[in-house]
Amino acid sequence: MAASVIHVCLGIPTFCRNDSLRELLYALERLAPSAPGVSVDVVVFDNDPQRGAEDVVSMNRTTCSLPVRYRHVSPPGLSNVR
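Keep in mind that this is a model prediction, so the values were computed, not measured.

Student: Go over the nonpolar core with me, naming the residues and quoting the values.
Tutor: Ile12, Leu21, Leu25, Val42, Val44 and Val68 are the most contacted members of the largest nonpolar core, which totals 14 residues. When residues of this core are traced back to their parent elements, those giving at least two are α1 (18–31), β2 (38–46), α2 (53–63) and β3 (68–72). In this view, Val44 contacts Ile12, Thr14, Leu21, Leu25, Ala53, Val57, Val68, Arg69, Tyr70 and Arg71; residues no more than four positions away in its chain are not counted.

Structure, rendered in structure tokens:
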């Protein structure tokens, strides 16, 4: 019987909160489970027309053991990000 894998994907909507995003990504790495059979990745959905969170995510990729992906959502509004 194959072992079960629990996969957790955290979606983070953001708009011009780069300092808070940086702190959150740092905290998530520290909380990430290291148990076998648990997989965690993060997707940041940036609603900023200037794509401000893209640099935060890029910088985090080099220091974070969690997979972090960036997606830009151009139509304004939280409902579009969700």
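Student: Residues and numbers for the environment of Pro76, please.
Tutor: Along the chain, the position of Pro76 falls in the loop between β3 and α3 (78–81). Taking C-alpha positions, Pro76 is 8.2 Å from Pro49, a pair spaced 27 residues apart along the chain.

Student: Give me the lowdown on the pattern of salt bridges, citing residues and values where you can.
Tutor: The full count for this structure, using the stated rule, is three salt bridges. For Asp41, the salt bridge goes to Arg69, with nearest N and O atoms at 2.8 Å. With Asp41 in strand β2 and Arg69 in strand β3, this residue pair connects regions lying 28 residues apart in the sequence. With a relative accessible area of 9%, Asp41 lands in the buried category. The shortest N-O distance in the salt bridge between Glu54 and Arg51 comes to 3.2 Å. With a relative accessible area of 35%, Arg51 lands in the partly exposed category.

The rules behind each value
- Residues numbered from 1 in each chain as written.
- Predicted model: local features only at pLDDT ≥ 70, side-chain atom pairs only at ≥ 80, totals over all residues.
- Heavy atoms only, no water.
- Core = buried A, V, L, I, M, F, W, Y, C linked by side-chain atoms within 4.5 Å.
- Buried < 20%, exposed > 50% of the residue type's maximum accessible area, 1.4 Å probe, protein only.
- Helix = DSSP H or I, 4+ residues; strand = E, 2+ residues; numbered from the N terminus.
- Contact = heavy atoms within 4.5 Å.
- Salt bridge = Lys/Arg side-chain N within 4 Å of Asp/Glu carboxyl O.

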